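A closer look at the structure
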Amino acid sequence: MTSPSSVRSAAFAIPSSSFTTRLAIAVVLCGLILFAVAGDYAGTGIFILSLCMYLFCADVFHRAALQDAASGRISFACLVSLSVSAAFAYSLLKTFTARPIAGLPENLYGECALLTVLALWVMRREVLKKERTHVFIKKLDDFLPKSARVLRERKQYKVFARELRPDDLILVRPGERIPCDGLVAKGTSAVNEGIITGNMLPASKRKGSRVFAGTLNKTDDLYITVTGLLNRSAVMGIVDAVKNSEIIRSPGVSPLDKASVWLVPSAVVLAGAAYAWALYTAAQPDWAHYSGVFLIVLAFACSPALVFSVWLAELFARGGARSRQIILQNPEALHRLAEAKTLFFDKTGTLTYGELRVSGVFAAQGVALKQLLEAAAAAEQQVDGPFAKAVNLYVAQHKVRTRKLTCFDVLPGMGVLAVCGRDKIMCGRESWLLERGIQTRVEETSRQNPLICVAKNDRFLGYFVLSDTLRPGAAEMVSFLHERKKEVIVVSGDNEDSVGAVARQAGIEKMNFNVLPQTKAEIVNNLRALGQKVAMVGDGFNDIIALLRSDVSLVFFSGRNVYNNWVDIIIKRGDLSAITDLFALHKKMRRAVTANLVLSFLAGGALAAYVLFVAREPLAWYVIPGGLTGGAALIFFNSVRLLNIK
């Protein structure tokens, strides 16, 4: 027999629209059937309505069950088809057979109709989830430049980006995205390459520097020689992977399918045992008469409580996750996360907040700290960029007085030169100050992080140390994963020093640095090819392909995320302990689903036992629906505990 955990039921090959149409018809028919049963109308009329339900609404389960059985699978479709068929057969015998059939219920048309409606509803939800794994991202083309300025024969022409050719010379002005891969032929500027590398710091570009399509020119004109066309660039590779690919994760098996593997044989065995017991204890054994016992047990094998057992657990699990500021978009992802052997973490924006902050201020010997802060505040007050933002935030928090600027000039990749009255202030890279003949005194340990050195009137005043702060709970989270034999790896487009510093703080031993988006995806694919389950935790555009290729995708929410509509889990908290909460939720949800399935089976069995062996008078029409509702109530109260993760 084919492993039920390896292949999905044939029901998942049926489009959701088929379930939607049948569900609408089934709801109408179910209402009419229940009304007719409650009003004690003629059995023939109820039979005709039920026959329509059986042939034209439950037919998807019968067809899927036959295909699954032919393939050696036992699925939820098999269980539904078995129970609906048993209920319908029992009612048919009661309605049209003159020979008395064992069983107090006059018919099970109502139970048959109710089960069909609920089964169609739950399967529609499951199939819709599968169909939504097709990736859809709105306005993704906004990342791509549409046009370019080409210089030919000393004239400037504006052309579509797709019309560029290798060796063309183009001009890219500040604020424009670069329309191709290329090499800088002339000019110096800062370029934001965050969508490719994930690095929040603009890269300094000068003659001979490599540039990538889709990156943003920040400060000055760049003349670029085209080496790679837009349609073959790294950013286009990301876009194509997202727009034209499906998530390639292994199809998850529904918990109801897994439960049906033991529910179907158990129901058949119990039904056979009840039938044999009835024949054994009967004064005059009549196999046709006591077939009603067999059919009743099978009819109650799949109860509304069983249908609700997984859905209610998922519903309250989402609520519990939401209370911890986690959006659980795909509850199946919890199981995949628990199974994952390797977890990849992006650095910037994932392990760290993705924003530079001043982590240290060091004044030169003989210089007052106030003098250093006032000089930096004056120089950076009108500059836009992560360095200036960090300094401006720091001086604002310390209520530093800001002097009025006379003029200032930003030198791309170097720093800012500002004039305040008679004072000339330089604020930027250490190498820039050294080129200008200003001797700096920076401790070696500080050089592991970005620095801003400050000088006034060619005198070194001191420097600021900037760092991207590690999210709280990182070390504890890594230790938690290691205890569970999980491998944790940092994969980032940042440089070795930056990635290494964060990895050491978090307690992560393995890392990959200077990694482009396609390479991230290849690393994930290589492990999956070896049979390993892989989870990817990211936050940026450059993580998209790796997130698509992983078994489970988690992102830290930010306003710049363009893929919040399809990732499995979105974390809206600032700390990494959210990862440990997900493992706790998975454990609790797994227990709840197991308990729900057992309770639903016992509830159906108890109702069947009452109907067959306890009740002595003909049952009122509401007894069976009431008993089925009571079983569903048990499932509800067991599932509501998932609102509290801890």
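Everything here concerns the structure above.
Residues numbered from 1 in each chain as written. Predicted model: local features only at pLDDT ≥ 70, side-chain atom pairs only at ≥ 80, totals over all residues. Heavy atoms only, no water.

**Focus: the overall build of the protein**
Counting secondary structure elements, the protein contains 21 helices and 22 strands. The C-alpha radius of gyration of the protein comes to 34 Å, more than 25% above the 26 Å expected for a compact globule of 646 residues. Once the C-alpha set of the protein is aligned to its principal axes, its extents read approximately 115 × 55 × 45 Å. Relative to its full complement of 646 residues, the protein shows a buried share of 54%. A fraction of 68% describes how many contacts in the protein between residues 6 or more apart in sequence connect residues 24 or more apart. Carbon together with sulfur atoms contributes 56% to the accessible area of the protein, which is approximately 29,100 Å² in total. One finds the centroid of the 74 positive side-chain charges in the protein at a distance of 3 Å from the centroid of its 53 negative side-chain charges. (Helix = DSSP H or I, 4+ residues; strand = E, 2+ residues; numbered from the N terminus. Rg over C-alpha atoms; globule rule 2.2 N^0.38 Å. Buried < 20%, exposed > 50% of the residue type's maximum accessible area, 1.4 Å probe, protein only. Contact = heavy atoms within 4.5 Å. Areas by Shrake-Rupley, 256 points an atom, 1.4 Å probe, with all protein chains shown as cover. Lys, Arg positive; Asp, Glu negative; His and termini not counted. Charge placed at Lys NZ, Arg CZ, Asp CG, Glu CD.)

**Thoughts on the environment of Ser-16**
By the secondary structure assignment, Ser-16 is in helix H1 (residues 16-38). Residues Ser-16 and Leu-79, spaced 63 residues apart in sequence, show a C-alpha to C-alpha distance of 20 Å.

**Section: the pairing of strand E2 (residues 155-160)**
As judged from the six bridges shared by strand E1 (residues 147-152) and E2, these two strands associate in the antiparallel manner. Along E2, the bridge assignment pairs Ser-147 with Phe-160. The turn joining E1 and E2, which pair antiparallel and follow one another in sequence, is formed by two residues; a positive phi near 55 degrees is taken by Glu-153. (Pairing = 2+ DSSP bridges.)

**Some thoughts on the packing of helix H11 (residues 332-339) against helix H20 (residues 578-614)**
Contact geometry of H11 with H20 gives a least axis separation of 9 Å together with a crossing angle of 110 degrees. Looking at the two axes, H11 sits roughly perpendicular to H20. In this structure, the crossing between H11 and H20 has a hand that is left-handed. Across the interface between the two elements, Leu-334, His-335, Leu-337 and Ala-338 of H11 pack against Leu-582, Phe-583, Leu-585, His-586 and Met-589 of H20. Classifying every residue of the contact of H11 with H20 gives seven nonpolar, two polar and no charged. (Axes fitted to C-alpha atoms, helices over the stretch in contact; angles between N-to-C directions. Parallel < 35°, antiparallel > 145°, perpendicular 65-115°, else oblique. Left-handed = near helix turned anticlockwise from the far one by under 90°. Nonpolar A, V, L, I, M, F, W, Y, C, P; charged D, E, K, R; others polar.)

**Describing the pairing of strand E4 (residues 181-186)**
Two elements, E4 and strand E9 (residues 222-228), share five bridges in a ladder whose sense is antiparallel. If you follow Asp-181 over to E9, its bridge partner there is Gly-228.

**Let's talk about the sheet that holds strand E17 (residues 459-470)**
Spatial ordering of the open sheet is given by E12-E17-E16-E15-E14-E13, a layout of six strands whose pairing is antiparallel. Whereas interior strands pair on both sides, the edge strands pair on one side only; in this sheet they are strand E12 (352-363) and strand E13 (407-411). Each strand axis lies, on average, 20 degrees off the axis of its neighbour in the sheet, ignoring direction. Here eight bridges tie E12 to E17, and the two strands are oriented antiparallel to one another. Bridging across to E17, Thr-352 finds its partner in Leu-470. Contacts from helix H13 (residues 369-380) reach E12, strand E14 (415-420), strand E15 (423-428), strand E16 (451-456) and E17, with the element oriented near 75 degrees to E17.

**Digging into the sheet that holds E9**
Spatially, E2-E1-E3-E9-E4-E7 is the arrangement adopted by the six strands of the open sheet, whose pairing is antiparallel. Strand pairing shows two members of the sheet lacking a second neighbour, E2 and strand E7 (210-211), which therefore form its edges. Sheet analysis places E1 next to strand E3 (residues 169-172), joined by three bridges and oriented antiparallel. Looking at the pairing, Leu-151 lines up with Leu-169 of E3.

**Here we look at helix H18 (residues 517-529)**
In a regular helix each residue adds 1.5 Å, so 13 residues correspond to 18 Å; H18 covers 18 Å between its end C-alpha atoms and thus fits that length. For H18, the complete set of buried residues consists of Pro-517, Lys-520, Ala-521, Ile-523, Val-524, Leu-527 and Arg-528. Along H18, the residues classed as buried sweep out an arc of 155 degrees about the axis, all on the same side. Opposite the buried face of H18, by more than 90 degrees, sit the exposed residues Asn-526 and Ala-529. Positioned one or two residues after H18, Gly-531 has a phi angle of 90 degrees, which is positive. (Expected span 1.5 Å × (residues − 1). Arc of directions from axis to C-beta.)

**Quick word on the side chain of Ser-492**
The topology assignment puts Ser-492 in the loop between strand E18 (487-491) and helix H17 (496-506). Residue Ser-492 is classed as buried on the basis of its relative accessible area, which comes to 1%. When sequence neighbours within four positions are dropped, the list of residues in contact with Ser-492 reads Asp-346, Lys-347, Val-499, Asn-512, Phe-513, Asn-514, Val-515 and Lys-520.

**Quick word on the packing of aromatic side chains**
Tallied over the full model, the rule gives 15 aromatic pairs. Note on Phe-362 and Tyr-463: the rings are 5.1 Å apart at their centroids and 25 degrees apart in plane angle, and the pair reads as stacked. With Phe-362 in strand E12 and Tyr-463 in strand E17, this pair connects stretches of sequence that are 101 residues apart. Aromatic rings pair up to connect Phe-47, Tyr-54, Phe-88 and Phe-96 into one cluster. One Lys or Arg, Lys-186, reaches over the ring of Tyr-223 and ends 5.4 Å from the middle of that ring. Sitting over the ring of Phe-556, Arg-471 keeps its end group 4.2 Å from the ring centre. (Phe/Tyr/Trp six-rings, centres within 6.5 Å; stacked < 30°, edge-to-face > 60°. Lys NZ or Arg CZ within 6 Å of the ring centre and 35° of its normal.)

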